[in-house]
Amino acid sequence: MISARAHIAGMAPYALAQMDPPDGHPLISLAQNESLRPPSPAVRDATAAIDHAAYPDPDWTGLRNSIADLHGLDPATVLCGAGSLDLIGCLARAYAGPDRAVLAPAHAYPFFRSAAQMAEARFDTAPEDNTTVSVDALLASIRPDTGLVFLANPGNPTGTRISGSEIRILRDALPDNVLLVIDEAYGEFADAVDDRLFDLVSHGDTVVLRTFSKAYGLAGLRVGWGSFPPDIAAELRKIMNPNNVPTIAQVAAEAALLDQPYMRDTCALISVIRAKAARRLSAVGIETQESFANFLLLEFKTSDTAQSANMALQSQGIFLRAQSGAGLPHCLRMTIGPAEHVDRAVAALEHWAAEAPS
Ligand SMILES: *Cc1c(COP(=O)(O)O)cnc(C)c1O
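Every value quoted in this text rests on a predicted model; they were computed, and no experiment measured them. (Residues numbered from 1 in each chain as written. Predicted model: local features only at pLDDT ≥ 70, side-chain atom pairs only at ≥ 80, totals over all residues. Heavy atoms only, no water.)

Asks: Help me out: how do you make sense of the site of the ligand in this one?
Replies: Around the ligand lies a shell of 13 residues, among which Ser84, Asp183, Thr211, Ser213 and Lys214 are the nearest. Here an oxygen atom of the ligand and a backbone polar atom of leucine 85 are 3.0 Å apart. Here an oxygen atom of the ligand sits 2.6 Å away from a polar atom, N or O, in the side chain of serine 213. Computed on the free molecule, the ligand has an accessible area of 390 Å², of which 94% lies beneath the protein chains in the complex. In this structure the site holding the ligand corresponds to the largest pocket. (Near = heavy atom within 4 Å. Polar contact = N/O pair within 3.5 Å; in protein donor to acceptor, adjacent residues only side chain to side chain. Areas by Shrake-Rupley, 256 points an atom, 1.4 Å probe, with all protein chains shown as cover. 1 Å grid on protein atoms, 1.4 Å probe; cavity = no way out; pocket = protein on both sides within 12 Å on 5 of 7 lines; lining within 4 Å. Sits in = over half its atoms within 2 Å of the grid points.)

Asks: Would you mind showing me how to read the sheet that holds strand β7 (residues 206–211) here?
Replies: Within a sheet, each strand pairs with its neighbour through backbone hydrogen bonds, oriented either parallel or antiparallel. With mixed pairing, the seven strands of this open sheet are ordered in space as β2-β8-β7-β6-β5-β3-β4. Every other strand in the sheet has two partners, leaving β2 (78–81) and β4 (123–126) as the edge strands with one partner each. Sheet twist, expressed as the average angle between the axes of neighbouring strands with direction ignored, equals 25 degrees. Taken strand by strand, helix α4 (residues 83–95) contacts β2, β5 (146–152), β6 (179–183), β7 and β8 (224–227), and its axis lies near 155 degrees from that of β7. (Pairing = 2+ DSSP bridges. Helix = DSSP H or I, 4+ residues; strand = E, 2+ residues; numbered from the N terminus. Axes fitted to C-alpha atoms, helices over the stretch in contact; angles between N-to-C directions. Contact = heavy atoms within 4.5 Å.)

Asks: Quick question: what am I supposed to make of the environment of proline 154 here?
Replies: Within the secondary structure layout, proline 154 lies in the loop between β5 and α7 (164–173). Taking the C-alpha atoms as reference points, proline 154 and asparagine 294, separated by 140 residues in sequence, lie 10 Å from one another. The residues touching proline 154, leaving out its near neighbours within four places in the chain, are Gly159, Thr160, Arg161, Asp183, Tyr186, Gly187, Ala190 and Phe292.

Asks: Explanation requested: empty space enclosed by the protein in the structure shown.
Replies: Regions of empty space are outlined by a rolling probe, equal in size to a water molecule, passed over the atoms. Under the defined criterion, the tally for this structure stands at three cavities of 30 Å³ or more. A volume near 60 Å³ is recorded for the second largest cavity. If you trace the second largest cavity, you find it lined by Pro105, His107, Ala108, Tyr109, Glu128, Val133, Ala152, Gly155, Asn156 and Thr158. Grouping the constituent residues of the lining of the second largest cavity by class yields five nonpolar, four polar and one charged. (Points joined across faces, edges and corners; volume = space filled by probe spheres on them. Nonpolar A, V, L, I, M, F, W, Y, C, P; charged D, E, K, R; others polar.)

Asks: Would you mind going over the environment of alanine 283 with me for this structure?
Replies: Looking at where alanine 283 falls in the secondary structure, it is placed in helix α11 (residues 260–283). Considering only alpha carbons, one finds alanine 283 and threonine 131, 152 residues apart in sequence, at a separation of 21 Å.

Asks: Sorry if this is basic, but what is going on with the pairing of strand β3 (residues 101–105) here?
Replies: A regular strand carries its side chains on alternate faces of the sheet. With respect to burial, β3 is a largely interior element, five of its five residues being buried. In this sheet, β5 lies alongside β3 in parallel orientation, the contact comprising three bridges. Within β5, the residue paired with alanine 101 across the bridge is threonine 146. For the crossover that starts at β3, traverses helix α5 (residues 111–118) and ends in the parallel β4, the hand is right-handed. (Buried < 20%, exposed > 50% of the residue type's maximum accessible area, 1.4 Å probe, protein only. Right-handed = clockwise from strand over helix to strand, strands pointing away.)

Asks: What is the right way to look at the packing of α4 against helix α9 (residues 230–239) in this model?
Replies: Two numbers describe a pair of packed helices, the interaxial angle and the distance between the axes. Where α4 meets α9, the axes come as close as 10 Å, and the angle between the chain directions of the two elements is 100 degrees. With respect to each other, α4 and α9 are oriented roughly perpendicular. In this structure, α4 uses Cys90, Leu91, Arg93, Ala94 and Tyr95 to contact α9, whose residues at the interface are Asp231, Ile232, Glu235, Leu236 and Ile239. The residue makeup of the contact of α4 with α9, split by class, is seven nonpolar, no polar and three charged. (Parallel < 35°, antiparallel > 145°, perpendicular 65-115°, else oblique.)

Asks: When you look at α11 in this model, what are you seeing that I'm missing?
Replies: Structurally, the α-helix is built with 3.6 residues per turn, so residues lying three or four positions apart point the same way. Taking 1.5 Å per residue as the helical rise, α11 with its 24 residues ought to reach 34 Å, and the 35 Å between its terminal C-alpha atoms agrees with that figure. With its phi angle positive at about 85 degrees, glycine 285 sits one or two positions after the end of α11. (Expected span 1.5 Å × (residues − 1).)

Asks: So what exactly am I meant to see when it comes to the pattern of salt bridges here?
Replies: Close approach of charged atoms allows side chains of opposite charge to pair. Under the counting rule described, the total for this entry stands at 14 salt bridges. A salt bridge links lysine 238 to glutamate 235; its shortest N-O distance comes to 2.7 Å. Of this pair, lysine 238 and glutamate 235 both sit in helix α9, separated by three residues, roughly a single helical turn. Overall, lysine 238 belongs to the exposed group, its relative accessible area being 62%. Note that lysine 276 is salt-bridged to aspartate 343, the shortest N-O span being 3.8 Å. Note that lysine 276 is positioned in helix α11 and aspartate 343 in helix α13 (residues 339–355), a separation of 67 residues in sequence. A relative accessible area of 41% places lysine 276 in the partly exposed class. Each of Arg122, Asp124, Arg143 and Asp145 takes part in a single network of salt bridges with overlapping partners. (Salt bridge = Lys/Arg side-chain N within 4 Å of Asp/Glu carboxyl O.)

Asks: Sorry, what's going on with the nonpolar core here?
Replies: Most often, soluble globular proteins keep nonpolar side chains buried together rather than apart. In terms of nonpolar packing, the biggest core is built from 106 residues, with Leu91, Phe212, Phe228 and Met334 touching the most fellow members. Counting residues per element, this core draws most heavily on α11, which supplies seven residues. In this view, phenylalanine 228 contacts Thr77, Leu79, Leu87, Leu91, Val201, Val207, Leu209, Ala233 and Leu236; residues no more than four positions away in its chain are not counted. (Core = buried A, V, L, I, M, F, W, Y, C linked by side-chain atoms within 4.5 Å.)

Following this line, the structure appears as structure tokens:
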């Protein structure tokens, strides 16, 4: 038998949601933070007549120009990936390794760990303040060989965020040779709250990532993007798959981006459903932190009660996401899906809470 290199053979596969509804129950998936509605109708029109025989534009010209226009960026700093996971993986491969460790907050997005493992890099974590990132703890956890810091803001699965000014403090205090990657997969949901961070990229040591998978409703097409300092962009292009974003995905993402009112409306709809769900859950003793994303992190008293709630939901075909992978075994993450699905999940939890003493 041919074995993979030791750091790959020793890795656990990335755990995606397991969703098998019991017989007689349709699947209600609130497990993957997909959008609660289809993308803008403009996407369908734009993608109607695409030549699938030709390779895609390797420079994503239309899409990156529209992204740059909307966000006030130089198009040369924008790179697109097959989802932002693609870009996270490339960043880890290029900037982390056996002699350059990766650091992230304790309850960070689990793919950061996978990306570090793929790059054969040590993965360190810094404690959080409950489930909110602590800049002080991150700085105290920097070691001489730390090469890359991943920070999702808002965080997944926590849903919490820190302010732009705190991130600026972090960047200023980090050594110059530490790359800071700010993953704003949920940035659109928080855009109204705070200032943008894209200007940090021009300092040469910071990357900001975004995706079309969440607020724009295009998870199935796999388009992410980021703003990169020119040197880093040049290095990444060497290791990126040269035709990484299919034509249909580039065209769809650009059409979705150009329909800002539709995306803003999606975010507004989500915040209404999210607030109502949080209130009802709190009334039955299931607490949530204020979320700046399209999901809620539900906190139970113990990991056993979280598991009991999860099983009660699954027996009705309702799938949330357990969070032991992010070090939060007493929590479940609930995507803010369509109102009727969230209602079903919340009603099932109310019923569970009434039956099961917490
Ligand atoms: C969903 C998510 C991603 C991945 O997004 P894709 O663009 O679909 O690959 C990246 N980071 C965080 C924090 C996410 O929650």
